[in-house]
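Fold and geometry: a report
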Amino acid sequence: MTDRTAQAVAAQAPTTLQPVSLKPVPLRQVLPWLVLAALLALVAMYFVGAEQGATSLLNGTAVHEWTHDGRHLLGFPCH
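Residues numbered from 1 in each chain as written. Predicted model: local features only at pLDDT ≥ 70, side-chain atom pairs only at ≥ 80, totals over all residues. Heavy atoms only, no water.

**Observations concerning the overall build of the protein**
Using the following cut-off: Runs of E in the DSSP output that reach at least two residues are strands. Runs of H or I that reach at least four are helices, and both are numbered from the N terminus. All accessibility values rest on the Shrake-Rupley procedure with a 1.4 Å probe; residue burial counts only the protein chains present in the view.
The secondary structure content of the protein amounts to four helices and zero strands. For the protein, the N- to C-terminal ordering of α and β elements is α-α-α-α. When the accessible area of the protein is evaluated, it comes to approximately 7100 Å², of which 67% is carbon and sulfur surface.

Quick look at the structure:
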């Protein structure tokens, strides 16, 4: 690196760091996202663990085949 390049880089770098003030996010703003995430997790868990069983919502074996390896990974029996 040449002296001119080093000087240019040094001139662009901040000389002092300013403290960052983080404000807490109110639970009222976070709660809908937490509920959505929990609902999506429950739906995914249903399709991996229970679809094509006694509580099947969809006909055929497509969902079973798409989630087959996930069932074994999570310990759900399917055979």
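**Some points on the confidence of the model for the protein**
Using the following cut-off: Per residue, pLDDT captures the predictor's confidence, and it can take any value from 0 to 100.
Across the protein, the average pLDDT comes to 78, with 72% of residues at or above 70. Between the elements of the protein, mean pLDDT differs from a low of 63, seen in helix H1 (residues 3-12), to a high of 91, seen in helix H2 (residues 27-49).

**Some thoughts on a nonpolar patch on the surface**
Quick note on the threshold: Without a salt bridge and with relative accessible area above 30%, a residue can belong to a patch; like charges are then joined within 9 Å and nonpolar side chains (Val, Leu, Ile, Met, Phe, Trp, Tyr) within 5 Å. When a carboxyl oxygen of Asp or Glu is within 4 Å of a side-chain nitrogen of Lys or Arg, the pair counts as a salt bridge.
There is a patch of nonpolar side chains on the surface, built from Leu27, Leu31, Leu34 and Val35 and spanning about 390 Å² of accessible area. Tracing the chain through its elements places Leu27 in helix H2.

**Side note on the environment of Gly49**
The criterion, for reference: Exposure is judged per residue with a 1.4 Å probe applied to protein chains only, and the accessible area is read against the type maximum: over 50% gives exposed, under 20% gives buried, and values in between give partly exposed.
Looking at the element boundaries, Gly49 is found in helix H2. Residue classification places Gly49 among the partly exposed positions, given a relative accessible area of 22%.

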